[in-house]
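As a plain string of letters, each chain reads:
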Amino acid sequence: MRYLTAGETHGPQLTAIIEGFPSNITIDFEAMNHQLHRRQKGHGRGRRMQIEKDTASIVGGVRHGRTTGAPIALVVENNDWKHWTSIMNIEEQPDTVEGKRRVNRPRPGHADLSGGLKYNQRDLRNILERSSARETTMRVACGAVARQLLEEFGIKLASHVVRIGEVEAKAPELPIDELIRITEESPVRVVDAEAEAAMVAAIDAAKADGDTLGGIVEVIVEGAPVGLGSHVQWDRKLDGRIAQAVLSIQAFKGCEIGIGFEAAKLRGSKVHDAIHFDENSGFHRATNRAGGFEGGMTTGEPIVVRGVMKPISTLYKPLQSVDIDTKEPFTAQVERSDTCAVPAAGVIMENVVAWEVAQAFMEKFGGDSLEEIRRNYESYLKQVESY
Ligand SMILES: Cc1cc2nc3c(=O)[nH]c(=O)nc-3n(C[C@H](O)[C@H](O)[C@H](O)COP(=O)(O)O)c2cc1C
């Protein structure tokens with residue numbers, strides 16, 4: 001199972017094609033678009049999020065509400081396109097002021113300069129249009145489809161914000177449905193009310209200073225069976241694949257599984273999880289410091305992954321850069337931008353992780369139809385039970 005995405009941030013539309021998705025999965029279109037709407041929320045976002053109300057249409061691979069096994073084609077229209085038809089014209093360069101306007105000033109912290117040099121583009125818009133986090137819209141749409149496969153097998157995902165700048169939220173110890181319910185109502189996607197107020201204040205203070213903030217988000221996956229991923233080959237280790245997927249999200253600079261970087265400070269006895277057995281729960285662990293992985297495979301305990309997002313690169317008090325034409329230093333003009341996108345990034349990370357888990361699930365139980373996968377899954381569970 002794989003997907004590719006295409007489209008520019010100010011182009012007519014974003015597109016994705018999912019290949020290898022099984023047949024007979026009922027698609028809940030509302031649930032799919034709910035994920036896209038969640039991506040646009042959160043305290044600290046800029047005005048663009050009010051212009052774009054994303055809705056994905058499926059234009060291939062689904063008939064009468066169910067997948068057919070054919071590639072699934074997804075489209076999200078950019079509602080702002082009408083203002084960009086000249087600048088982003090696909091066929092020709094219009095003879096207008098906008099059509100002629102080039103981006104020749106690379107922004108620090110963005111792909112602009114490296115991309116311009118690499119692709120030999122002297123209009124840096126050709127780089128920034130694709131490197132923008134707008135691309136994550138399609139990653140969320142694909143993850144939202146993958147979740148519908150996972151839900152057939154009782155696998156659920158949630159996320160919450162752990163840190164924004166200096167403010168840390170208390171770890172929530174809640175059933176997953178409760179975590180989902182509370183974080184959906186929080187403007188910064190936390191359970192801890194005190195931290196919520198402090199985070200909102202920190203974002204407002206950064207904005208007033210013309211500055212930006214990053215943070216940490218945690219994703220939890222419940223219900224994944226033991227044995228997704230494999231220890232036998234480096235590129236089949238699911239923890240490694242999740243880390244790659246998380247680090248590929250714009251502005252993500254770190255990934256931890258379980259207690260992650262904490263493990264460096266502790267003794268082994270405080271890091272590893274003892275193994276227990278009883279008739280009702282089978283093999284299990286009383287702790288889950290490993291975050292649901294041993295040897296690159298799921299242990300059957302919840303998967304716990306954290307991602308670190310750097311502060312937004314575009315600053316209202318910009319850093320110095322160099323004009324690619326004159327080679328003269330300049331300080332970029334003020335642009336409309338997010339102050340903090342950590343809450344939204346948590347939603348993106350959830351859907352990106354969902355895709356990786358679904359892909360590993362398909363590798364393990366692979367079949368062309370939901371019924372075939374279910375047979376494989378149930379027969380495997382029986383094998384595990386009788387082990
Ligand atoms: C949800 C989300 C929203 C973002 N919004 C902005 C933004 O408004 N302005 C900005 O400069 N960067 C924003 N970014 C970050 C940039 O897209 C990212 O830093 C840039 O593409 C360079 O990639 P890199 O940081 O991974 O090297 C956002 C990232 C995410 C995940």
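Residues numbered from 1 in each chain as written. Predicted model: local features only at pLDDT ≥ 70, side-chain atom pairs only at ≥ 80, totals over all residues. Heavy atoms only, no water.

*Asks:* In this structure, what is going on with the UniProt feature "binding site: NADP(+)" (unreviewed entry) in the protein chain? I would like to understand it.
*Replies:* Per the UniProt record, "binding site: NADP(+)" (unreviewed entry) is found at R39 and R45. Positionally, R39 belongs in helix α1 (residues 29–39). Among the structural elements, R45 can be located in the loop between α1 and α2 (48–51). R45 gets classed as buried once you look at its relative accessible area, which sits at 18%. (UniProt positions renumbered as here; feature names shortened; annotations may be inferred. Helix = DSSP H or I, 4+ residues; strand = E, 2+ residues; numbered from the N terminus. Buried < 20%, exposed > 50% of the residue type's maximum accessible area, 1.4 Å probe, protein only.)

*Asks:* Is there a simple way to explain the UniProt feature "binding site: FMN" (unreviewed entry) in the protein chain in this structure?
*Replies:* Per the UniProt record, "binding site: FMN" (unreviewed entry) is found at R130, S131, S132, Q250, A251, G295, K310, P311, I312, S313, T314 and R336. With the annotated positions falling across 207 residues, the maximum pairwise C-alpha distance of 44.8 Å shows that they are not confined to a single cluster. Inspection of the secondary structure puts S131 in helix α5 (residues 125–131). Setting aside its immediate chain neighbours within four residues, S131 contacts A111 and Q250. Relative to the assigned elements, G295 resides in the loop between β13 (293–294) and β14 (297–298). Overall, G295 belongs to the partly exposed group, its relative accessible area being 42%. Beyond its immediate stretch of four places on either side in the chain, G295 contacts S230, H231 and K237. (Contact = heavy atoms within 4.5 Å.)

*Asks:* Help me understand the site of the ligand, please; the structure alone is not making it clear to me.
*Replies:* With respect to spatial proximity, 17 residues lie near the ligand, and among them H110, A251, K310, T314 and S337 are the closest. Within the contact set of the ligand, an oxygen atom lies 2.8 Å away from a side-chain nitrogen or oxygen of K310. S337 places a side-chain nitrogen or oxygen 2.7 Å from a nitrogen atom of the ligand. Burial of the ligand by the surrounding chains reaches 85%, relative to a free accessible area of 630 Å². Classifying every residue of the shell around the ligand by side-chain character gives six nonpolar, seven polar and four charged. (Near = heavy atom within 4 Å. Polar contact = N/O pair within 3.5 Å; in protein donor to acceptor, adjacent residues only side chain to side chain. Areas by Shrake-Rupley, 256 points an atom, 1.4 Å probe, with all protein chains shown as cover. Nonpolar A, V, L, I, M, F, W, Y, C, P; charged D, E, K, R; others polar.)

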